[in-house]
Amino acid sequence: MCEQIRTVNVGVIGLGTVGGGTVRLLNKQREEYKRAYGMDARVARGCSLDEAAAAELGLTGDAFTSDWHDITSDPSIDIVVELIGGEHPATEIMLDAFAHGKHVVSANKALLGKEMERLAGEARAAGVQLRCEASCGGGIPIIDALERGLAGNDMLALAGIVNGTTNYILSRMDAEGLGFDEVLADAQRLGYAEADPTADVDGLDAAAKIAILSSIAFHTRVMSADVDCQGIRAVSAGDISWAREHDMAVKLLAVGRKTNGRVEARVQPAMIPAGHMLASVNGAMNAVFAVGDAVGETMFYGAGAGSFPTASAVVSDVLAIARPLSQGRVVEEEAEPYAKTLPVATTEDMTGRYYVRVPLHGDADADVQSAVRAAFEEHGVGIESIQQGSAGDLVILTEQTSPSKLRLLCDVLRGREMAASAVSIIRIEDTAAWSEGAEKN
């Protein structure tokens, strides 16, 4: 059978950490793919601005180029793998590849979270596929699970720890009692965090991922801009200690839910029960907790980044396209992009109970507490309990309220000089609600 199969040529644009891992993995396993799957996928060309890095991967001579156009326009290339990230020229690379009749594999969550509808539509019009397993959760095969393994379900909820940098920071703050700034600086030194950590610590990276996953899970278009997003900069060691004392853990959660005829998509620090499966996900690891009406609760766990874990996801997409091509079968074009068939919930709809820590200028005497209570009442935020924290701050547990009300209230507290610094807002997550609507087994 191996003599009859056609070699499928792959062009990899971007030969950094993930691109290098992809080339190495395809080269290492090429003969095994032939034996096990009856297919042949070969890295024919690589594109990088670093010729030495390409040479280390064996991409020299005609197999190397510094101009991506040489790959997207090469008639011998069947699959273009875009691994440079960012919006430009990644958008142009994909569009040019489609125009030349080439399938595209990408890990570009930032671009796809924003432009998936447009790009998937262009792929469909060109009769090719756009695949993006590596865009969400690194090596975790969550997109394939949602599109195929769980396709028989009405998906009810997704809750993910999908950013390794923030999970690493929160895990160390929990284990060592350190502050956010101290752990972030160490994470940057060790390479777990970028020099500019904004996309990670402000939740933007996680927002792009939950937009992609929610679109697939709930069959309705969700874009990054639809996701209510709050990062972890204001989370303190004291907040994490309080959670631990109350048998909870603090995680940056990306949550997608179908509720009341809407899709709720949000990213925010949350307290979850210490016994929940997601509470034990530490370090730079990722996990996605997915609930379907038939299957019930499932969880997918693994490395959320890194050369070979992410390359594993990239290569799975390459093989899904290469197998039928190699065997002379037709590759189906990209499916019709999801339209916005369900409305996306606003922040007013995303109600929940919250932990709020108000750092004060001085002691939380009766007058200060009274003023804070009055501000909460003025903004329609009910208080379940209020107490003085170990550092003299006020720790408030709210009744059901919306994040938009809380954020406006916190701005008011700062404006009236009641709060000495950033107010910490952490959702007390109702994890039981994620499984509402599941069949009894």
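Preceding this paragraph is the structure being described.
Residues numbered from 1 in each chain as written. Predicted model: local features only at pLDDT ≥ 70, side-chain atom pairs only at ≥ 80, totals over all residues. Heavy atoms only, no water.

Trainee: Explain the pairing of strand E16 (residues 424-428) here, please?
Mentor: Both faces of the sheet carry side chains from a regular strand, because those side chains alternate between them. Burial analysis of E16 places five of its five residues in the buried class, the great majority of the element. Here E16 shows no split at all, with Ser424, Ile426 and Ile428 on one side and Ile425 and Arg427 on the other all buried. Where strand E10 (residues 262-273) and E16 come together, two bridges link them in parallel fashion. Among the inter-strand pairings, Ala270 is bridged to a residue of E16, identified as Arg427. When strand E13 (residues 353-358) meets E16, the two strands line up antiparallel, connected through five bridges. By the bridge assignment for E16, Arg357 is matched with Ser424. (Buried < 20%, exposed > 50% of the residue type's maximum accessible area, 1.4 Å probe, protein only. Helix = DSSP H or I, 4+ residues; strand = E, 2+ residues; numbered from the N terminus. Pairing = 2+ DSSP bridges.)

Trainee: How should I be thinking about the nonpolar core in this particular structure?
Mentor: Side chains of nonpolar character tend, in soluble globular proteins, to be buried together. Counting 76 residues, the largest nonpolar core has Leu130, Ile142, Leu146, Leu158 and Ile169 as its most contacted members. With nine residues, the top contributor of residues to this core is helix H10 (residues 204-218). For Leu146, the residues in contact, after removing those within four places along its chain, are Ala151, Met155, Leu158, Leu213, Ile216 and Ala217. (Core = buried A, V, L, I, M, F, W, Y, C linked by side-chain atoms within 4.5 Å. Contact = heavy atoms within 4.5 Å.)

Trainee: Please explain the sheet that holds strand E2 (residues 40-47) as it appears in this structure.
Mentor: By way of backbone hydrogen bonds, the strands of a sheet pair with one another, either parallel or antiparallel. With parallel pairing, six strands are arranged side by side in an open sheet as E3-E2-E1-E4-E5-E6. Each edge of the sheet is formed by a strand with only one pairing partner; in this case those strands are strand E3 (64-65) and strand E6 (130-131). Sheet strands touched by helix H4 (residues 90-99): strand E1 (7-13), strand E4 (79-82), strand E5 (103-106) and E6. Its angle to E4, the strand with the most contacts, is close to 175 degrees. Along the sheet, helix H12 (residues 307-326) contacts E1, E2, E4, E5 and E6; its crossing angle with E5, the most-contacted strand, is approximately 160 degrees. (Axes fitted to C-alpha atoms, helices over the stretch in contact; angles between N-to-C directions.)

Trainee: Would you mind going over the environment of Gly328 with me for this structure?
Mentor: The topology assignment puts Gly328 in the loop between H12 and E13. Residue classification places Gly328 among the exposed positions, given a relative accessible area of 69%. Linking Gly328 and His276, residues 52 residues apart in sequence, is a C-alpha distance of 47 Å.

Trainee: Sorry, what's going on with the environment of Lys109 here?
Mentor: Assignment of secondary structure puts Lys109 in helix H5 (residues 109-126). Along the sequence, Lys109 and Val267 sit 158 residues apart, while their C-alpha atoms lie 15 Å from each other. Not counting the four nearest positions on each side in its chain, Lys109 is found in contact with Ser135, Asp205, Ala208, Lys209 and Ile212.

Trainee: Just checking my understanding: could you explain helix H13 (residues 366-378) for this structure?
Mentor: End to end, H13 covers 18 Å across 13 residues, agreeing with the expected 18 Å (1.5 Å per residue, within 8%). Those residues of H13 that fall on the buried side of the exposure criterion are Val372, Ala375 and Phe376. Down the axis of H13, the buried side of the element spans an arc of 100 degrees, and every buried residue falls inside it. Of the residues in H13, the exposed ones pointing more than 90 degrees away from the buried face are Ala366, Asp367 and Glu377. Against the buried residues of H13 lie E13, strand E14 (383-388), strand E15 (394-398) and helix H14 (403-415). (Expected span 1.5 Å × (residues − 1). Arc of directions from axis to C-beta.)

Trainee: Looking at this structure, how should I read the packing of aromatic side chains?
Mentor: Geometrically, a pair of aromatic rings is defined through the distance of the ring centres and the angle of the planes. Per the counting criterion, the structure on display carries four aromatic pairs. Ring geometry for Tyr33 against Tyr37: centres 6.3 Å apart, planes inclined by 25 degrees, an arrangement best described as stacked. In this pair, Tyr33 and Tyr37 both sit in helix H1 (residues 17-37), four residues apart, roughly one turn of the helix. Judged by centre distance (4.2 Å) and plane angle (15 degrees), the rings of Tyr168 and Tyr192 are stacked. Placement of the pair is Tyr168 in helix H7 (residues 164-176) and Tyr192 in the loop between helix H8 (180-190) and helix H9 (198-201), with a sequence separation of 24 residues. (Phe/Tyr/Trp six-rings, centres within 6.5 Å; stacked < 30°, edge-to-face > 60°.)

Trainee: I'm lost on the layout of surface pockets in this one. Help?
Mentor: Regions of empty space are outlined by a rolling probe, equal in size to a water molecule, passed over the atoms. Its boundaries defined by the atoms lining it, the second largest pocket holds a volume of some 660 Å³. For the second largest pocket, the lining is made up of 33 residues, of which Glu147, Arg148, Glu334, Ala335 and Tyr338 are closest to its centre. Of all elements in the fold, only H5, E6, helix H6 (142-149), H10 and H12 reach the threshold of two or more residues within the lining of the second largest pocket. A total of five residues in the lining of the second largest pocket trace back to one element, the largest contributor, which is H6. By residue class, the composition of the lining of the second largest pocket is 17 nonpolar, five polar and 11 charged. (1 Å grid on protein atoms, 1.4 Å probe; cavity = no way out; pocket = protein on both sides within 12 Å on 5 of 7 lines; lining within 4 Å. Points joined across faces, edges and corners; volume = space filled by probe spheres on them. Nonpolar A, V, L, I, M, F, W, Y, C, P; charged D, E, K, R; others polar.)

Trainee: Before we go on, may I ask you to explain H1 in this structure?
Mentor: Most pronounced at Gln29, the bend in H1 amounts to some 55 degrees. When H1 is considered as a whole, its buried residues turn out to be Gly19, Gly20, Gly21, Thr22, Val23, Leu25, Leu26, Tyr33 and Lys34. Contacts made by the buried residues of H1 are with E1, E2 and H12. Within two residues after H1, Gly38 carries a phi angle of roughly 65 degrees, on the positive side. (Bend = angle between axes of the 7 residues up to and from the residue.)

Trainee: Please clarify how the pattern of salt bridges should be interpreted in this entry.
Mentor: In total, this model carries 29 salt bridges according to the counting rule given. As a salt-bridge pair, Asp186 and Arg189 come within 2.7 Å of each other at their nearest N and O atoms. Note that Asp186 and Arg189 are positioned in helix H8 at a spacing of three residues, about one turn of the helix. Taking the relative accessible area as the measure of exposure, Asp186 reaches 16% and is therefore buried. Salt bridges linked by common partners bring Arg172, Glu176, Asp186 and Arg189 together as one network. (Salt bridge = Lys/Arg side-chain N within 4 Å of Asp/Glu carboxyl O.)

Trainee: How do you make sense of unusual backbone geometry when you look at a structure like this?
Mentor: Generally, phi is negative for residues other than glycine and the peptide bonds are trans, each holding for most cases. Looking along the chain, the bond that leaves His88 and enters Pro89 is cis, with omega of 10 degrees. Take Pro89: it is sitting in the loop between E4 and H4. The backbone of His219 sits at a positive phi, close to 55 degrees, despite the residue not being glycine. The residue His219 is located in the loop between H10 and strand E8 (228-229) in this model. Given the relative accessible area of 45%, His219 is considered partly exposed. Although it is not a glycine, Asp247 sits at a positive phi angle of roughly 60 degrees. Residue classification places Asp247 among the exposed positions, given a relative accessible area of 53%.

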